[in-house]
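# Structural overview for review
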Amino acid sequence: MRNYRHIEVRPIAGALGAEISGVDMVRDLDDDVVAEVRRAFLDHLVIFLRGQKATPQQQLAFARRFGTPIEYPQLKGLPDAPMVTPVVKLEHERNNFGGIWHSDTTYLPEPPMGSMLLAREVPPYGGDTMFANQYLAFEALSDGLKRTLEGLIGISSSSKADVTRTREDALRQAGAGATPKMLQAEHPIVRTHPETGRRALYTSDAHTACIKGWTEAESLSLLRFLWQHQVQPEFTCRFRWEPGSLAFWDNRCAMHNPINDYHGFRRVMHRITLAGDKPR
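Residues numbered from 1 in each chain as written. Predicted model: local features only at pLDDT ≥ 70, side-chain atom pairs only at ≥ 80, totals over all residues. Heavy atoms only, no water.

### Some remarks on the pairing of strand β1 (residues 8-11)
So the rule is basically this: One bridge is not enough; two strands pair if DSSP finds at least two bridges between them. For the purposes of this entry, the term helix denotes a DSSP run of H or I that reaches at least four residues, the term strand denotes a run of E that reaches at least two, and both are numbered from the N terminus.
Bridge analysis of β1 against strand β2 (residues 18-21) gives four bridges, and the strand direction is antiparallel. Of the residues in β2, the one forming a bridge with E8 is S21. Between β1 and β2, which follow one another and run antiparallel, lie six residues, and G17 among them has a positive phi close to 95 degrees.

### Quick notes on unusual backbone geometry
One non-glycine residue, L45, adopts positive backbone phi at about 75 degrees. Although it is not a glycine, T105 sits at a positive phi angle of roughly 40 degrees. With respect to the secondary-structure elements, T105 resides in the loop between β5 (85-89) and β6 (114-121).

### Things to note about empty space enclosed by the protein
Short version of the rule: Here a cavity is any set of points on a 1 Å grid over the protein atoms alone where a 1.4 Å probe fits but cannot get out, and a pocket is any open set with protein on both sides within 12 Å along at least 5 of 7 lines; a residue lines the site when it has an atom within 4 Å of a point. Grid points are joined across faces, edges and corners, and a volume is the space filled by probe spheres set on the points. Following the grouping adopted for this structure description, the nonpolar residues are Ala, Val, Leu, Ile, Met, Phe, Trp, Tyr, Cys and Pro, the charged ones are Asp, Glu, Lys and Arg, and the polar ones are all others, Gly among them.
Scanning the entire structure with this criterion turns up four cavities of 30 Å³ or more. When its volume is computed, the largest cavity comes out at roughly 140 Å³. Where the lining of the largest cavity is concerned, the elements lending two or more residues are β15 (254-258) and β16 (267-274). Class assignment of the residues belonging to the lining of the largest cavity gives a composition of five nonpolar, four polar and three charged.

### A short note on the packing of aromatic side chains
The cut-off we apply is this: Planes of paired rings set the category: under 30 degrees apart is stacked, over 60 is edge-to-face and the rest tilted, where pairs are Phe, Tyr or Trp rings (Trp by its six-membered ring) whose centres lie within 6.5 Å. When the NZ atom of lysine or the CZ atom of arginine is within 6 Å of a ring's centre and also within 35 degrees of its normal, the charge is said to sit over that ring.
Per the stated rule, a full pass over the model turns up nine aromatic pairs. Among the aromatic residues, those joined into a ring-pair cluster are F48, F131, F239, W241 and W249. Just above the ring of Y202 sits the side chain of R191; from NZ or CZ to the centre is 4.8 Å.

Here it is in C-alpha cells:
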C-alpha cells in the first residue's frame, strides 16, 4: 500500500476502487493534495468521495485540477455550466443512461481520459454502479491470446442497438428531436496507458462493432469471449451512491455499468468528462 500524507485512501475491493477522505471539492486544494488524489486515481482506477456539497461551478473547478473538461457529444450540459451534463432517470422511465458495460465514448477519435459523476438525488435503494479493471482482464489472458490481440483494431460506433436504447429517455428529456449522427473511430483492442505504461483491454459490447479487416461473424466470436471475460467478478467493484457522492474513474483502463434496478424512483447525477488522447 502506498503511503499518503494529505489524504486517507481506503480500498473498497481487491480489484479496483478506493474511497478518499480528507478532500473537500469546495475548497481551493493545495497542489500536494491534488497530486495525491491523482496518484490514488492512477493506483485504484476509480476513486470515490463522500459528502460533497459542490455547486456545478465548484465541481467544474475541481475537475479542472485533473484535466480539461469537454462537452458530451450526445447530450446538452446545464445552461449555466455547459460542461456539466445532467444524467437523469425519472420515476416513470424504464431506461437508464449508459446501462451497459462500457468505457465512455470510445467512438471518438480521442476518447476521454476520465469522468466525474456527482450524485444529486439517488433512489432509496438500487442504482449502484459497477466498475471493472481492464489491466487485470488483460493480464489474466493466456500468452497465446495476448499475442493474437497484438495489433488488432476495434471499430467503435455510437449506433450499436443496445447502447442507443439506453439514451432514448435522456434524449427526450434534452428535447433532441433529431436522431444524433453516427460517430465512429478505430482503436487498438489492447491499449497502453499513457501514464502508467500498463496494458489494458479496450473493447466493449456497448461500442465495439467489429475488428478491422475481419467479418462481423469472425469478429463477434472473439469479441463476445472478451466481453464476458472483462467483467468477471474478480475484476470488479460495486459502489453504492449517497447524495453528495463523487466517483472519478479512468476510462483508459476501467469500464463501468450503472445498474438499472430502481424503477419508480428518481436519480439525478451531474457528470463532467475530461479530455483524453488517442489510444495506442
